[in-house]
Amino acid sequence: MNVWIYGDFSSVGSNPRDFDYSVFNMMDPKPDSLYNYKDGCLTPSFTVDFGSKTPMHQYTSTPRFFEFATFGDAEQVSESSFIVRQNVSFIVDRKSLRGGYAYLDLDGVAPIELESGWLFGKTPDYFSYCIEPGTLADMLQEVVDSKDSSEEKREAAKKLLATISPDDDNCYIFFGRWKK
């Protein structure tokens, strides 16, 4: 990989002096790494060996763990549009390098577990998740209807479900801090 950096742009806008970066190749996935840019140097910090067939994937990180997700094949839905569905996310502890499948539990907000879509927040200490109101309502209704859900979770789902309007035009955004 060749990277060229011309000049010092560290004072432009809110450009951070330390950030993570990885290449996202949608149509022709290739092996790559998560890189950390710090003090003018781009250093690889995390790589996954996918074997002989590299899937479409994306890396991110937090101060405590590396995150990555793989994606299914791009499905063309029109001449210029594609849908790419994310598979389950993975996290790997930075110190032990142990990891596994991951989901986001919105405890205290919504009694639902999110398997994908939450991985790509822009800050290391926080996550963000954007969801269409109808999708959120369907997920909450599943909790309400599930015999496996506790009464407490069913009540929390009913309470949040009552606040969702079928006329909502905008997506909902969950924004939160990672637990320590």
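Quick caveat, the model's predicted, so the values are computed rather than measured.

**Some remarks on the environment of L106**
Along the chain, the position of L106 falls in the loop between β10 (104-105) and β11 (113-114). As a C-alpha pair, L106 and F174 span 68 residues in sequence and 8.7 Å in three-dimensional space. Ignoring sequence-local partners within four residues, the contact set of L106 consists of I112, L114, F127 and F174.

**Notes on the sheet that holds strand β3 (residues 41-46)**
Spatially, the three strands line up as an open sheet ordered β1-β2-β3, and their pairing is antiparallel. Two strands close off the open sheet at either side, each with one partner strand: β1 (18-21) and β3. Between one strand and the next, the sheet's axes are offset by a mean angle of 30°, whatever the strand orientation. As paired elements, β1 and strand β2 (residues 34-38) share four bridges and run antiparallel to each other. Opposite Y21, over in β2, you have Y35 as the bridge partner.

**Some thoughts on helix α1 (residues 133-145)**
In this model α1 runs 18 Å from its N-terminal to its C-terminal C-alpha over 13 residues, within 8% of the 18 Å that 1.5 Å per residue would give. For α1, the complete set of buried residues consists of P133, L136, A137, L140, V143 and V144. One side of α1 carries all its buried residues, which in axial view fall inside an arc of 115°. Looking at α1, the residues exposed on the side facing more than 90 degrees away from the buried face are D138, E142 and D145. In this structure, the buried residues of α1 make contact with β12 (126-131), α2 (151-161) and β13 (172-177). Measuring from the backbone nitrogen of G134 back to the side-chain oxygen at the start of α1 gives 2.9 Å, which picks out E132 as the cap.

**Considering the packing of aromatic side chains**
By the definition in use, this model includes seven aromatic pairs. Aromatic pair F46 and F68: ring centres 6.2 Å apart, planes at 40°, arrangement tilted. In this pair, F46 sits in strand β3 while F68 sits in strand β5 (residues 65-71), placing the two residues 22 residues apart along the sequence. A centroid spacing of 4.8 Å and a plane angle of 35° characterise the contact between F90 and Y101, whose relative ring orientation is tilted. A residue pair is termed long-range when its members are at least 10 positions apart, and F90 in strand β8 (residues 86-93) and Y101 in strand β9 (residues 99-102) qualify at eleven residues. An aromatic cluster is present here, built from F46, F50, Y59, F66, F68, F90 and Y101 joined pairwise through their rings.

**Examining the packing of α1 against α2**
Describing two packed helices takes the angle between their axes plus the distance from one axis to the other. Packing of α1 against α2 leaves a shortest axis separation of 8 Å and a crossing angle of 150°. In terms of axis orientation, α1 runs roughly antiparallel to α2. Between α1 and α2 lies a crossing whose hand is left-handed. For the pair α1 and α2, the contacting residues are A137, L140, Q141, V143 and V144 in the first and K153, R154, A157, K158, L160 and L161 in the second.

**Structural notes on α2**
Considered for burial, the residues of α2 that qualify are R154, A157 and L161. All buried residues of α2 fall inside an arc of 65° around its axis, so they share one side. Opposite its buried face, α2 presents the exposed residues E152 and K159, each directed more than 90 degrees away.

Each value, and the rule that gives it
- Residues numbered from 1 in each chain as written.
- Predicted model: local features only at pLDDT ≥ 70, side-chain atom pairs only at ≥ 80, totals over all residues.
- Heavy atoms only, no water.
- Helix = DSSP H or I, 4+ residues; strand = E, 2+ residues; numbered from the N terminus.
- Contact = heavy atoms within 4.5 Å.
- Pairing = 2+ DSSP bridges.
- Axes fitted to C-alpha atoms, helices over the stretch in contact; angles between N-to-C directions.
- Expected span 1.5 Å × (residues − 1).
- Buried < 20%, exposed > 50% of the residue type's maximum accessible area, 1.4 Å probe, protein only.
- Arc of directions from axis to C-beta.
- Polar contact = N/O pair within 3.5 Å; in protein donor to acceptor, adjacent residues only side chain to side chain.
- Phe/Tyr/Trp six-rings, centres within 6.5 Å; stacked < 30°, edge-to-face > 60°.
- Parallel < 35°, antiparallel > 145°, perpendicular 65-115°, else oblique.
- Left-handed = near helix turned anticlockwise from the far one by under 90°.

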